[in-house]
Amino acid sequence: MRDDTTTMTEEQQALVRSTRRLDLRRILGGLFVLYGVITTIVGIVNWNTDPEKTGGIHINLWVGLSLLVGGLLFFLWDRLNPVPAADIVGQAEAEEHQKAAGEGRDLA
């Protein structure tokens with residue numbers, strides 16, 4: 001599901017790319033994957049000590065795998081449903097008009 005960005009100016013295309021690059025879903029997905037990898041490794045390395053402390057459950061392994069799945073779902077969500085380019089450009093234009101109105105300029 002890609003937006004048609006061919007009719008936008010180069011500046012608008014750059015704005016859309018930078019906004020999508022800093023989408024919160026990507027940031028959270030990256031953190032979840034990072035923590036998932038670390039926790040999974042800890043769960044594998046401490047294979048024998050985890051069940052002793054948690055009543056027979058390899059908690060670090062399960063939590064790490066859950067974090068990995070959650071992070072990958074965030075990436076999948078971002079890939080399948082990106083922020084529409086029209087919303088990004090419209091918001092930037094609205095902010096420009098609001099800023100201009102606050103400074104006493106008219107952009108009409």
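Just above sits the structure.
The rules behind each value
- Residues take numbers from 1 onward in each chain, read along the sequence in its written order.
- Since the coordinates come from a predicted model, pLDDT governs what is reported: local features require at least 70, and pairs of side-chain atoms require 80 or more to be given and counted, while whole-chain, interface and lining totals use all residues.
- For the side-chain quantities, the full set of heavy atoms in the structure was used; hydrogens and water were omitted.
- Helix and strand assignments follow DSSP, with helices taken as H or I runs no shorter than four residues and strands as E runs no shorter than two, numbered in order from the N terminus.
- By definition here, a helix of n residues has an expected span of 1.5 Å times n minus one.
- Summary of the burial criterion: residues with accessible area below 20% of their type's maximum are buried, those above 50% are exposed, and those between are partly exposed, where the area comes from a 1.4 Å probe applied to protein chains only.
- Directions drawn from the helix axis to the C-beta atoms are what define this arc.
- The contact criterion used throughout is that any non-hydrogen atoms of two residues lie within 4.5 Å.
- Fitted lines through C-alpha atoms give the axes, limited to the stretch in contact for helices. The angle between two N-to-C directions lies from 0 to 180 degrees.
- Angles below 35 degrees are treated as roughly parallel, those above 145 as roughly antiparallel, those between 65 and 115 as roughly perpendicular, and all remaining angles as oblique.
- In a left-handed crossing the near helix is turned counterclockwise from the far helix by less than a right angle, and in a right-handed crossing that turn is clockwise.
- Gly falls in the polar group here, along with every residue not listed as nonpolar (Ala, Val, Leu, Ile, Met, Phe, Trp, Tyr, Cys, Pro) or charged (Asp, Glu, Lys, Arg).

Things to note about helix α5 (residues 85-102)
Step number 1: Over its 18 residues, α5 extends 26 Å from the first C-alpha to the last, a length consistent with the 26 Å expected when each residue adds 1.5 Å.
Step number 2: Among all positions of α5, only A85, I88, V89 and A100 are buried. Looking down the long axis of α5, one finds its buried residues gathered within 105 degrees of arc, a one-sided arrangement. Exposed residues lying more than 90 degrees from the buried face of α5 are A86, Q98, A101 and G102.
Step number 3: As for α5, its buried residues are in contact with α1 (10-21).
Step number 4: Taken from the residues just after α5, G104 is the one with a positive phi, measuring 85 degrees.

Quick notes on the packing of helix α2 (residues 24-45) against helix α4 (residues 59-80)
Step number 1: One can describe the packing of α2 onto α4 by two numbers: an axis separation of 7 Å at closest approach and a directional angle of 160 degrees. Relative to α4, α2 is oriented roughly antiparallel. Seen along the crossing, α2 lies across α4 with a hand that is left-handed.
Step number 2: Residue composition of the contact of α2 with α4, by class: 16 nonpolar, 10 polar and three charged.

Things to note about α4
Step number 1: A rise of 1.5 Å per residue sets the reference length of α4, with its 22 residues, at 32 Å; its end C-alpha atoms lie 31 Å apart and thus fit the reference within 8%.
Step number 2: Restricting attention to buried positions, one finds in α4 the residues L61, G64, G70, G71 and D78.
Step number 3: Residues of α4 that are buried sit in contact with α2.

Quick word on the packing of α1 against α5
Step number 1: For the pair α1 and α5, the least separation of the axes is 10 Å and the interaxial angle reads 105 degrees. As summarised for this structure, α1 and α5 are arranged roughly perpendicular, according to the angle between their axes. Taken together, the residues of α5 that come into contact with α1 (itself represented by Q12, L15, V16, T19 and R20) are A85, I88, V89, A92 and E93.
Step number 2: Looking at the contact of α1 with α5 residue by residue, the class counts come to six nonpolar, two polar and two charged.

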